[in-house]
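Inside the fold
The lines below spell out each chain.
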Amino acid sequence: MQSLSALKASLTLPSPLIPFNPSWHGADKVSMWVKRDDAIHPIMSGNKWRKLSNALEAPLINNIVSFGGGFSNHLHALGYACFKLNVPFTAIIRGDYSMSPSPMIKDLLAWKANIEYVDRITYKQRNERTYLQALQKRFGNAMIIPEGGSQHEAHQGIKQMVGEISIPFDVLATPVASGATLAGIASALSRSQRALGVGVLKGQGYLESLVSQFIDEDKENWSITHDFHMGGYAKAPNALTQFCRTFNDTMCFEIEPVYSGKVFWAIKQLLEKGHFEKGTRLVILHTGGLQGAR
Ligand SMILES: *Cc1c(COP(=O)(O)O)cnc(C)c1O
């Protein structure tokens, strides 16, 4: 068993910020860096650690309960942290994988997590008060963390990530699924900076409403592009898988098609279209998630 400080000491923090100079059309007009949150830890996915770090500061004596799909980066990160911290963890998973557990679920089992498979209808109740109260009672006053680790406390960890960026920049780009990462970034940026979200699922309007719900102030320094979800969540047409493969063969770090692949793909297309003003200083957040590609 580890203490939280020992667990933190095993992480690469601050995460590296590396210059990014691909030979893409239009890339010479801007300056780019990648904030390598994928390098924080080989198991704990980058933005999931950021979102959880604050919740784990609370005294952890009871069960932790959380939700996700069968390949969830969030359950993976949280399951690993709970195992290291010796906190009982229950993962409520959408769908029944008992006959064919995913690599993520196999890891959770090895980390002694309690797994409950639920059908879609039950899973839909994951944010409903009465359902959560019943769960909390059943698991002995458990701490319940929402799907994706996306709760208000998640802001603080995302702000720390922004604070680590020691160079001046204009735009910070990130993938968007639950919106908590983008919301945290937007609230941390100064007035002259912009957060650019890349929607990884079909959700024009919906994703914006998720982000707004996490932001207290009326911030207008963020936007989401919906042109690069490539058919929906975890949908990866050939062009995208090929792009990721070439990227991974030629760059010094890796991407996967669900999150980071779509962000780098989007940046490449936007550069080609001349979307960014000449001289723009762009930081791309690599949120990690490479385990999901297994
Ligand atoms: C969960 C996840 C995201 C999405 O972050 P949100 O805060 O839910 O928008 C992005 N990248 C990776 C690798 C993730 O695991």
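Scroll up a little and you will see the structure.
From a predicted model like this one, the values you see are computed outputs, not experimental measurements.

Conventions we followed
- Residues numbered from 1 in each chain as written.
- Predicted model: local features only at pLDDT ≥ 70, side-chain atom pairs only at ≥ 80, totals over all residues.
- Heavy atoms only, no water.
- Salt bridge = Lys/Arg side-chain N within 4 Å of Asp/Glu carboxyl O.
- Buried < 20%, exposed > 50% of the residue type's maximum accessible area, 1.4 Å probe, protein only.
- Helix = DSSP H or I, 4+ residues; strand = E, 2+ residues; numbered from the N terminus.
- Contact = heavy atoms within 4.5 Å.
- Near = heavy atom within 4 Å.
- Polar contact = N/O pair within 3.5 Å; in protein donor to acceptor, adjacent residues only side chain to side chain.
- Areas by Shrake-Rupley, 256 points an atom, 1.4 Å probe, with all protein chains shown as cover.
- 1 Å grid on protein atoms, 1.4 Å probe; cavity = no way out; pocket = protein on both sides within 12 Å on 5 of 7 lines; lining within 4 Å.
- Sits in = over half its atoms within 2 Å of the grid points.
- Nonpolar A, V, L, I, M, F, W, Y, C, P; charged D, E, K, R; others polar.
- Pairing = 2+ DSSP bridges.
- Axes fitted to C-alpha atoms, helices over the stretch in contact; angles between N-to-C directions.
- Right-handed = clockwise from strand over helix to strand, strands pointing away.

**Thoughts on the pattern of salt bridges**
Overall, the coordinates contain 10 salt bridges when judged by the stated rule. Where Asp38 meets Arg36, a salt bridge forms, and the shortest distance between an N and an O atom there is 2.8 Å. Since its relative accessible area comes to 13%, Asp38 is described here as buried. Salt bridges here are not isolated pairs; linked through shared partners, they connect Lys35, Asp37, Arg50 and Glu164.

**A word on the environment of Pro146**
When you line up the elements, Pro146 lands in the loop between strand 6 (143-145) and helix 7 (154-164). Between the alpha carbons of Pro146 and Leu13 there is a distance of 25 Å; along the sequence they are 133 residues apart. With near-sequence residues (within four places) excluded, Pro146 lies in contact with Ser66, Phe67, His74 and Gln151.

**With respect to the site of the ligand**
Near the ligand lie 15 residues; those nearest to it are Lys48, Asn73, Ser178, Thr181 and Thr287. Between the ligand and the protein, one listed contact pairs an oxygen atom with a side-chain N or O atom of Thr181 at 2.6 Å. Contact with the protein chains hides 98% of the accessible area of the ligand, taken as 380 Å² for the molecule alone. More than half of the atoms of the ligand fall within 2 Å of the grid points belonging to the largest pocket. Of the residues forming the shell around the ligand, the biggest block, three residues, is contributed by helix 2 (residues 46-52). For the shell around the ligand, a count of residues per class yields five nonpolar, eight polar and two charged.

**What about the sheet that holds strand 3 (residues 64-68)?**
Pairing is parallel across the open sheet formed by four strands, whose spatial order is 5-4-3-6. At either margin of the open sheet sits one strand with a lone partner, and together these are strand 5 (114-118) and strand 6. Across this sheet, the average inter-strand angle for adjacent strands is 20 degrees, counted without regard to direction. Against the sheet, helix 6 (residues 129-138) makes contact with strand 3, strand 4 (89-94), strand 5 and strand 6, and its axis sits at roughly 135 degrees relative to strand 3, the strand it touches most.

**Quick word on the pairing of strand 8 (residues 194-199)**
A large share of strand 8 lies buried, amounting to five of its six residues. Two elements, strand 7 (residues 171-176) and strand 8, share six bridges in a ladder whose sense is parallel. What sits directly across from Val176, in strand 8, is Gly199. Handedness of the crossover joining strand 7 and strand 8 through helix 8 (residues 180-188) is recorded here as right-handed. Note: strand 8 against strand 9 (residues 222-225), four bridges, orientation parallel. Looking at the pairing, Gly197 lines up with Ile224 of strand 9. As a crossover connection, the stretch from strand 8 through helix 9 (residues 206-214) into strand 9 is right-handed.

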